[in-house]
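Listed below are the residues making up each chain.
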Amino acid sequence: MTSAVYFCVDGGGTRSRGRLTDPDGVTLASAVDGPCNPNTDCARAVASVMALWRRCAADAGHDPEDRAGITLAIGSAGLNVMRSRAAFVAACPPFGRILPINDGYAALIGAGGGKPCGMVAVGTGVTARRLLPDGTNFFRDGWGWTVGDRGGGAWIGLEAFRHALAVKDTVAPPWPLAESLIATLCGSESLDDLLANPNPERMASLTPFVLAAADAGDPVALGIRDRAVDHLVALACALRLADDDTLYFSGGLAVPLWPFLVERLGRPIAEPLADAMTGAYLLASGRAPAEVEVAA
């Protein structure tokens, strides 16, 4: 393999994906692993990346210890924090080149193929970004699950868990959603374990409970889903797109929330042209504008 081979990673709060591509972007191998957020757990993020690399290298018939000719282009949650970005690069075993990218920017480039557009990515976390005609970009949210990521999986799960605990404390009326969560999570051992080690992945794992309960008409779940959609719509509006600009929605929660987003936004939204790994490839190969953020 030569230095024109790219190992592209999309690191998320719940799972990570890797793809090995040739100079033309043709997939040589791909793999899936666990969480990859250097801002919440740098060691776990590095472990996920290396697990992806070993699987991709093995499938491509390449010695995984030979990384000198490989470009690692990684768009990952948490890489918007420069201290976490530097820590990840320092902790990661060496590659021929390491290009760390904010996960939202990699997703934005993949969504629009490197052309000006807007995008809201909603998975475990949330970010909204816009690529301007001059090649610069700006973002909204993406601040992390403890203070931001409003409307994402970790936020939805945390809202539901808070309500379940309020019901357990008898300060809120019981609803099926709360009863389901209490039965699943609020036994003494499970609750103690969750409180001792809360993280975005575990909170996001509660989201299917909420969406299923909302579909069944649970009023608390409906309220949480409605507030999540409100947050995402507000972020989309904050991108200040013109009527003829393309707005993409991407991420694991885009599909189940799609009809509510379309209704609330009152404008068309589009499915991404490609994923964040393709965005990482376009950036690493110089086929898209480099990551230059501006205040807007």
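Provided above is the structure to which this section pertains.
Given the structure is predicted, the values throughout are model-derived calculations rather than measurements. Counting restarts for each chain: residues are numbered from 1 in the order of the written sequence. Side-chain atom pairs in this predicted model are given and counted only at pLDDT of 80 or more, local residue features only at pLDDT of at least 70, and totals for whole chains, interfaces and linings cover all residues. Side-chain calculation: all heavy atoms of the structure are included, whereas hydrogens and water are not.

Caption draft 1: Region of the structure containing the nonpolar core. Definition used in this section: a nonpolar core is a set of buried Ala, Val, Leu, Ile, Met, Phe, Trp, Tyr and Cys residues joined via side-chain atoms within 4.5 Å. Any residue under 20% of the maximum accessible area for its type is buried, any over 50% is exposed, and the rest in between are partly exposed; the area is computed with a 1.4 Å probe on protein chains only. Leu 177, Leu 247 and Phe 249 are the most contacted members of the largest nonpolar core, which totals 43 residues. Sort the elements by how many residues they give to this core and helix α9 (residues 219–238) lands first, with nine residues. In DSSP terms, a helix is any run of H or I states spanning at least four residues, a strand is any run of E spanning at least two, and both are numbered starting from the N terminus.

Caption draft 2: Broad picture of the packing of aromatic side chains. Only rings of Phe, Tyr and Trp enter the pairing, Trp through its six-membered ring, and a pair is recorded when the two centres are within 6.5 Å. The plane angle decides the type: under 30 degrees is stacked, over 60 is edge-to-face, the rest tilted. As enumerated under the stated definition, the model contains five aromatic pairs in all. Ring geometry for Trp 53 against Phe 95: centres 5.5 Å apart, planes inclined by 80°, an arrangement best described as edge-to-face. Taken as a pair, Trp 53 in helix α1 (residues 42–59) and Phe 95 in the loop between α2 (82–91) and β5 (97–102) lie far apart in primary sequence, 42 residues in all. A relative accessible area of 10% places Phe 95 in the buried class. Through successive ring pairs, a cluster of aromatic residues spans Phe 7, Trp 53 and Phe 95. In this scheme, Lys NZ or Arg CZ marks a charge over a ring once it lies within 6 Å of the ring centre and within 35 degrees of the ring normal. Directly above the ring of Phe 95 sits Arg 67, whose terminal nitrogen or CZ lies 5.6 Å from the centroid. Over the aromatic face of Phe 260 sits the side chain of Arg 225, whose NZ or CZ is 3.9 Å from the ring centroid.

Caption draft 3: Seen up close, the sheet that holds strand β3 (residues 27–33). Strand pairing follows a simple DSSP-based rule, namely that at least 2 bridges must link the two strands. Taken in spatial order, the five strands make up an open sheet running β3-β2-β1-β4-β5, and their pairing is mixed. Whereas interior strands pair on both sides, the edge strands pair on one side only; in this sheet they are β3 and β5. Neighbour to neighbour, the strand axes of the sheet diverge by 15° on average, direction disregarded. Its contacts with the sheet place α1 against β1 (5–11), β2 (16–21), β3 and β4 (70–76), and it is angled at close to 145° to β3. What makes two residues a contact is simply this: any of their non-hydrogen atoms within 4.5 Å. As a rule, the C-alpha atoms of each element are fitted with a line to give its axis, helices using only the stretch in contact, and angles between N-to-C directions run from 0 to 180 degrees. Across the sheet, helix α11 (residues 276–284) touches β1, β2, β4 and β5, and the angle it forms with β1 is around 135°.

Caption draft 4: Local environment of helix α4 (residues 153–168). Helices are assigned an expected span. That span is 1.5 Å times one less than the residue count. Counted at 1.5 Å a residue, the expected span for α4 with its 16 residues is 22 Å, and the 22 Å between its end C-alpha atoms agrees. Counting buried residues in α4 gives 13 out of 16 residues, a clear majority hidden from the surface. Phi turns positive, to about 60°, at Thr 170, one or two residues after α4.

Caption draft 5: Region of the structure containing the environment of Ala 164. For Ala 164, the location among the structural elements is in helix α4. Looking at Ala 164, the relative accessible area reads 0%, which means it is buried. Sequence spacing of Ala 164 and Pro 133 is 31 residues, and the spatial spacing of their C-alpha atoms is 46 Å. Non-local contacts of Ala 164, meaning those with residues more than four positions away in its chain, are made with Ala 178, Leu 181 and Ile 182.

Caption draft 6: Representation of the side chain of Asp 149 within the structure. Relative to the elements of secondary structure, Asp 149 occurs in the loop between β8 (137–141) and α4. Despite its burial, Asp 149 remains without a salt bridge, the nearest opposite charge being carried by Arg 150 at 7.7 Å. Two N or O atoms count as a polar contact when they lie within 3.5 Å, although within protein this holds only if one can serve as hydrogen donor and the other as acceptor, and sequence-adjacent residues are included solely when both atoms are side-chain atoms. Only 3.3 Å separates the side chain of Asp 149 from the backbone nitrogen of Trp 145, close enough to count as a polar contact. Beyond its immediate stretch of four places on either side in the chain, Asp 149 contacts Gly 125, Val 126, Asp 141, Gly 142, Trp 143, Gly 144 and Trp 155. Two residue types count as positive, namely Lys and Arg, and two as negative, namely Asp and Glu; His and chain ends fall outside the count. By definition here, a salt bridge exists when the distance from a side-chain nitrogen of Lys or Arg to a carboxyl oxygen of Asp or Glu is within 4 Å.

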